[in-house]
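Below, each chain spelled out in residue letters.
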Amino acid sequence: MTAENPRVYLLGRDNLESARLSYQHQCMIARQGFFLHPTVLSALNSKDSAEPLRILDLATGNGIWAIDLAVSLTSTTRPVEITCLDISSAQFPPRQTWPNNVTFDTWDFFTDVPDLYAGHFDVVHVRFIISLLWQDDKSRERILQQFHRLLKPGGYLQWQEPPPPVYDVISGYHADGSCEVSDEWPEYFRAANKVVPMHDKTMWLNQLDDLLKTHNGFTDVEVYQPKYKKERLKYEIDLSVWNLEETTPNILRLPWLSDEVKKEIESSWAKLKGELQSGAKVLVMRSIIAIARKV
């Protein structure tokens, strides 16, 4: 994207959006059960070094993952330093509330990696940047290069995304509490995809393991898909509604939106929202977590 054609950002940066980020974080941690994947945490604890363990939370938003991680890491064999970077500081917590080992700074990760951060981190954590990846066909390779440049040799990438179709419709439940997923793609998403083709442009996220395995700079690739928990679906539905309530008005304001598609999005969103609120439909945001080690 250029100054004349800037990236489209479909979310806000006010207090309400920060609250949504915090709620989304709680839903994801409850689903997956960890901040750092056990593979990463085990590898880091096995390294005998006097140097601090340096962790980057990229596209940090309000920093809640980093803050919660800092509080939880009480048994590491090395001191921990956590850096939080985002293109905007609007959602950063007040400086006086930062834990002693957590710092915040601004950086656009599509620009060159600052020398300060090149080859600096033992872990790069990033999640839910899908809304920035559909707008440029070169973004996939660019972002992989950035992750690689930020990591030390032997450092770990932990990358979490909701791959297309981004949301699953739950169609049934099993005796063990797991959920059956339908192949339904609600009309709302088909309409929105005409304006914001995130679905079509990020299908490669469904082959994230192959992408990382074929990248010369990464090895030991794992992809983990946390399972939905029946008893938490109410809260997952709330998150889906909140997400879509936040993004839909911004989609409807896009200058290239035709009146016909605008009406289609408005009517299909009203229908979907009613189905979610009545319990007629169960919609949950997807999540995969990719782990890879820098060669």
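Residues numbered from 1 in each chain as written. Predicted model: local features only at pLDDT ≥ 70, side-chain atom pairs only at ≥ 80, totals over all residues. Heavy atoms only, no water.

1. Some points on unusual backbone geometry
Most peptide bonds adopt trans geometry, and most residues besides glycine take a negative phi value.
Then comes step 1: In this structure, Pro165 follows Pro164 across a cis peptide bond, with omega equal to 15 degrees.
Then comes step 2: Position of Pro165 relative to the elements: it lies in the loop between β5 (151-161) and β6 (167-173).
Then comes step 3: The backbone of Phe128 sits at a positive phi, close to 55 degrees, despite the residue not being glycine.
Then comes step 4: Residue position: Phe128 is located in the loop between β4 (121-127) and α4 (130-133).
Then comes step 5: When its relative accessible area of 17% is taken as the criterion, Phe128 is described as buried.
Then comes step 6: Of note in the backbone geometry, Asp220 takes a positive phi value of approximately 55 degrees without being a glycine.
Then comes step 7: By the secondary structure assignment, Asp220 is in strand β8 (residues 218-224).
Then comes step 8: What makes Asp220 partly exposed here is its relative accessible area of 43%. (Helix = DSSP H or I, 4+ residues; strand = E, 2+ residues; numbered from the N terminus. Buried < 20%, exposed > 50% of the residue type's maximum accessible area, 1.4 Å probe, protein only.)

2. With respect to the confidence of the model for the chain
Then comes step 1: Across the chain, pLDDT averages 93, with 98% of residues at or above 70.
Then comes step 2: Between residues 1-5, whose pLDDT stays under 50, and residues either more than four places distant or in other chains, the model counts four contacts. (pLDDT = per-residue confidence, 0-100. Contact = heavy atoms within 4.5 Å.)

3. Description of the pattern of salt bridges
Then comes step 1: Under the definition given, this model contains 15 salt bridges.
Then comes step 2: The closest approach of N and O atoms between Asp122 and Arg78, which form a salt bridge, is 3.9 Å. Here Asp122, found in strand β4, pairs with Arg78, found in the loop between α3 (64-72) and β2 (80-86); they are 44 residues apart in sequence, far enough to count as distant. Neither residue differs from the other here; Asp122 and Arg78 are each classed as buried.
Then comes step 3: Salt bridges sharing partners connect three or more residues here, namely Glu51, Arg54, Arg78, Glu81, Asp122 and Lys152. (Salt bridge = Lys/Arg side-chain N within 4 Å of Asp/Glu carboxyl O.)

4. What about helix α10 (residues 259-278)?
Then comes step 1: For α10, which comprises 20 residues, the first-to-last C-alpha distance of 29 Å matches the rise-based estimate of 28 Å (1.5 Å per residue) to within 8%.
Then comes step 2: Among all positions in α10, only Val261, Ile265, Ser268, Trp269, Leu272 and Leu276 are buried. Within α10, the buried residues cover an arc of 110 degrees as seen down the axis, which keeps them to one side. Turned more than 90 degrees away from the buried face of α10 sit Asp259, Glu260, Lys263, Ala270, Lys271, Gln277 and Ser278, all of them exposed.
Then comes step 3: Residues of α10 that are buried make contact with α6 (187-193), α9 (233-252) and β9 (283-285).
Then comes step 4: Following α10 by one or two positions, Gly279 has its phi on the positive side, about 85 degrees. (Expected span 1.5 Å × (residues − 1). Arc of directions from axis to C-beta.)

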